[in-house]
Amino acid sequence: MALITKLDDLPDLFFIDLFNYLSSTDILWAFTNLNNRIQTLINERGYFRHINLSSARLSKFDRLLSILPLNQIETLIIDIEASPLQLSRWPYLPHLTTLRLYRLRDFTDATNFILRHSTSLKHLTLETNDLFMQCGSTGYIWHPRERLPTLVENVLPHLSALRSLDLGQDTGFGLTTWNITTIQSPLNYLRVSLEHIPRLCHVITRDTLSTTLEQLHVTLRSSHVREKNSIPKELVLSKMINLHTFTLVQSVFTFIYNRIEWSTIESLTAPNVMPVLRRLNLAILIAIDDFDCINRSSLFIDDRRIDIQFALIIADTSLGNELRYSLPHGSRFHPRQIVGVTCVYNHYPWAYNVWYTLPWAFEQFFFEPADLSQYITKVEVFSLPSSYSSIISSSRLRKLSISQNNSLPSITSMPHVVRLDHINAVQLSFHDWPTDLNLLALRHLTLINNLITLKNFSSFPSNIRSIQILLFSDKPNFSANNWSILRSLSTLSMLTSLHIVINDMDTGLDDISCQIIAETVPIFAHFGIYLRSKHGLPEPDSIGRCIELDPVIVDLLLNDPTLLVTDDDEESVDLTFLESIFDIYRASIKELHSRILRLTFPQKPVFVVEEEGCGLTVWF
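Residues numbered from 1 in each chain as written. Predicted model: local features only at pLDDT ≥ 70, side-chain atom pairs only at ≥ 80, totals over all residues. Heavy atoms only, no water.

1. Description of the overall build of the chain
Turning to step 1, where the next piece is worked out: The helix and strand tally for the chain stands at 14 helices and 23 strands.
Turning to step 2, where the next piece is worked out: By the burial criterion, 54% of the 620 residues in the chain qualify as buried.
Turning to step 3, where the next piece is worked out: Within the chain, contacts between residues separated by at least 24 positions form 73% of all contacts whose residues are at least 6 apart in sequence. (Helix = DSSP H or I, 4+ residues; strand = E, 2+ residues; numbered from the N terminus. Buried < 20%, exposed > 50% of the residue type's maximum accessible area, 1.4 Å probe, protein only. Contact = heavy atoms within 4.5 Å.)

As structure tokens, then:
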């Protein structure tokens, strides 16, 4: 007689191990209300308290929402693969303390949802990126309709219980010029992008932060600002009595005039400013003249026993390995091995040397410039430690940006920087999918002007959740044809989200393209397509009125009056032609929408057509 094991015969440990391999959505969908024992286990393990339904199709989302105990939900996570429409469908959650929104696409829904939970939220994450916001014009409307600084200025004064604020590492549409005084609550964790050192000083001198902050992580995005990166004269920095972790990061694409003198670093981290500092992460642009100061710096030997990890960027590549003996190898109490590499670029100054401690301490291999045509072409290692015996932890790198095929082997060969099994996001620009790229943890793929790379779908990891395709007509390798290649994506069983943004195309989508895209759309739970122009139409009543400048531009002009506000194009825009282009965009979206509606669906999806008709969002 065959032995039969019933579900009730399986021990609790079996289900606990099984849940480790399933998403939150799958656990709730498959096991909720199955029996009392498993229901109790789900409650005890917190699957009702911590919710992430990002990958759910519309029908599954609505069903789960109807059975979830809303008063038990403490954490809500919405990832990049979620529909932009999902947040607006969530009801009020009375005990929500943690909200994490990654790759935020819509500021309006986020503002409304956060304000509804203003009395309970303690931990807030809002991460966005210019590439995810469908930036550009659809005629009279510029997208995004709102800006992240407006969001934080509107909501932060109302979040009295907030203790942790993570605004990511990207600029977030002028976030670098955001007035930090809108923070009213005593935070203990803050991660934010700022414009320059003076704005960082405003954080340090803020009374509500100086006595409570325990972790401060700052990315400086000052490529267009010539203000000196130093502490303002006569400013007295407050004592940050509880700050134990401090991160300060500049992009490797930072202009030379934005470099930070080492004396500024010493002043910011001095014992009278950060008396309990225990961990310091620095990725900054410095000059050769600073090396003597670094070598003599008390920061590496004082009694606070700081664990220091760095990536020091130097524009002068002439000394090479000679600088190894002028650099500290970690701190006295936390020694680390160091590596020297040369990063070669496709633009002036053509090369930087970078010295970094092992293992790599940052989430990205430096941050992308605003201009996508600038990128690293090659990395050459010129100085290695004799052994790697002292390295215990692994690299924190999670995102790869690849703009040239032959740059990847050199980047992945850097010691203790790239671990392919840890990379969860890739941005691939202008070139085909690299051969032999085995990224087992990859979840999110952004393709810029390389639609053709989808032909290599068989090389993609099977667990990809989302793909974003960005096409720029003024960038290399632009092509908005051959949409039949989308059909191959049906073999990626975990793929739930596809978003397409086409910029400055002079034509629309023809009937064949519309039909192919329409037939492909039901493959995905979440789909969006948006047509944009870098030029907009003037409002009919704007003729003769003064131009109202963007607040960010005003701030830049105040910082540097030598900057000129000019159109990117030498010739004026033909408004008649531009109007015809927007008409073509609207006709393309209308035709695509019509063809999708003719398809048969098990449940009617939600369609949202943008106000001016140049974009379409679908949730199946």
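2. Here's the deal with the sheet that holds strand β23 (residues 615–619)
Picture the strands of a sheet paired through backbone hydrogen bonds; they go either parallel or antiparallel.
Turning to step 1, where the next piece is worked out: Reading across the sheet, the eight strands line up as β16-β17-β18-β19-β20-β21-β23-β22 and stay open at both edges, with mixed pairing between neighbours. Two strands bound the open sheet, and with one partner strand each, they are β16 (399–402) and β22 (606–609). Taken over all neighbouring pairs, the strand axes of this sheet differ in orientation by 10 degrees on average, direction set aside.
Turning to step 2, where the next piece is worked out: Pairing of strand β18 (residues 444–448) with strand β19 (residues 466–472), which is carried by five bridges, proceeds in the parallel orientation. The partner of L445 across the bridge, within β19, is I467.
Turning to step 3, where the next piece is worked out: Of the strands in this sheet, β21 (526–532), β22 and β23 are in contact with helix α14 (residues 575–597), which crosses β21 at around 160 degrees. (Pairing = 2+ DSSP bridges. Axes fitted to C-alpha atoms, helices over the stretch in contact; angles between N-to-C directions.)

3. Thoughts on the pattern of salt bridges
Turning to step 1, where the next piece is worked out: Applying the stated rule across the entire model yields 22 salt bridges.
Turning to step 2, where the next piece is worked out: Between D583 and R586 there is a salt bridge, with its nearest N and O atoms 2.9 Å apart. On the criterion of helical spacing, the pair formed by D583 and R586 is a turn pair, its members being three residues apart in helix α14.
Turning to step 3, where the next piece is worked out: For D583, a relative accessible area of 47% translates into the label partly exposed.
Turning to step 4, where the next piece is worked out: Several salt bridges converge on common partners, so that one network encompasses E127, D166, R191, E363 and R396. (Salt bridge = Lys/Arg side-chain N within 4 Å of Asp/Glu carboxyl O.)

4. What about the packing of helix α12 (residues 511–520) against α14?
Turning to step 1, where the next piece is worked out: Contact geometry of α12 with α14 gives a least axis separation of 9 Å together with a crossing angle of 45 degrees. Judged by the inter-axis angle, α12 sits oblique to α14. For the pair α12 and α14, the sense of crossing is right-handed. Side by side, α12 and α14 meet where D511, C514, Q515, I517 and A518 of the first sit next to S588, E591, L592, R595 and I596 of the second.
Turning to step 2, where the next piece is worked out: Among the residues making up the contact of α12 with α14, the classes are represented as five nonpolar, two polar and three charged. (Parallel < 35°, antiparallel > 145°, perpendicular 65-115°, else oblique. Left-handed = near helix turned anticlockwise from the far one by under 90°. Nonpolar A, V, L, I, M, F, W, Y, C, P; charged D, E, K, R; others polar.)

5. Details of the nonpolar core
Buried together is how nonpolar side chains tend to be arranged in soluble globular proteins.
Turning to step 1, where the next piece is worked out: Among the nonpolar cores identified, the biggest contains 94 residues, and W90, L151, L190, L200 and L248 are the most heavily contacted of them.
Turning to step 2, where the next piece is worked out: For this core, the leading source of residues is helix α7 (residues 197–204), giving five residues.
Turning to step 3, where the next piece is worked out: Counting 77 residues, the second-largest nonpolar core is a separate cluster that includes L358, F365, I502 and V521. (Core = buried A, V, L, I, M, F, W, Y, C linked by side-chain atoms within 4.5 Å.)

6. Quick notes on the confidence of the model for the chain
Turning to step 1, where the next piece is worked out: For the chain, mean pLDDT is 85; residues scoring 70 or higher make up 88% of the total.
Turning to step 2, where the next piece is worked out: Segment residues 560–571 is flagged for pLDDT under 50; beyond a separation of four residues in sequence, or across chains, it makes 10 contacts in the model. (pLDDT = per-residue confidence, 0-100.)

7. Observations concerning the environment of E127
Turning to step 1, where the next piece is worked out: Note that E127 resides in the loop between β4 (123–126) and β5 (136–137).
Turning to step 2, where the next piece is worked out: Sequence spacing of E127 and R103 is 24 residues, and the spatial spacing of their C-alpha atoms is 5.2 Å.
Turning to step 3, where the next piece is worked out: Apart from the residues within four sequence positions on either side, E127 is in contact with L101, Y102, R103, L104, D166, G168 and R191.

8. As for the environment of I67
Turning to step 1, where the next piece is worked out: Relative to the assigned elements, I67 resides in helix α4 (residues 58–67).
Turning to step 2, where the next piece is worked out: On a C-alpha basis, the gap between I67 and W29 in space is 9.7 Å, while along the polypeptide they are 38 residues apart.

9. Here we look at the pairing of β21
Turning to step 1, where the next piece is worked out: Among the seven residues that make up β21, seven are buried, leaving the element largely enclosed by the rest of the structure.
Turning to step 2, where the next piece is worked out: In the sheet, strand β20 (residues 497–503) pairs with β21 via seven bridges, with the strands oriented parallel. Looking at the pairing, I502 lines up with L531 of β21.
Turning to step 3, where the next piece is worked out: Summarising the sheet, β21 and β23 pair through five bridges and their orientation is antiparallel. Across the sheet, I529 pairs through a bridge with L616, a residue of β23.

10. Let's talk about unusual backbone geometry
Turning to step 1, where the next piece is worked out: For the bond from H143 to P144, the omega torsion is 0 degrees, close enough to zero to count as cis.
Turning to step 2, where the next piece is worked out: Cis geometry is adopted by the peptide bond preceding P359, which originates at L358 and carries an omega value of -10 degrees.
Turning to step 3, where the next piece is worked out: In this structure, P359 sits in the loop between β14 (351–357) and β15 (376–383).
Turning to step 4, where the next piece is worked out: For R103, which is not glycine, the phi torsion reads 55 degrees and is therefore positive.
Turning to step 5, where the next piece is worked out: Of note, R103 is situated in the loop between β3 (98–101) and α5 (107–116).
Turning to step 6, where the next piece is worked out: Residue R103 is classed as buried on the basis of its relative accessible area, which comes to 16%.
Turning to step 7, where the next piece is worked out: Positive phi outside glycine occurs at R305, with the angle close to 55 degrees.
Turning to step 8, where the next piece is worked out: Mapping R305 onto the fold places it in the loop between α10 (290–296) and β12 (307–314).
Turning to step 9, where the next piece is worked out: Of the residues examined, R305 reaches a relative accessible area of 49% and is grouped as partly exposed.

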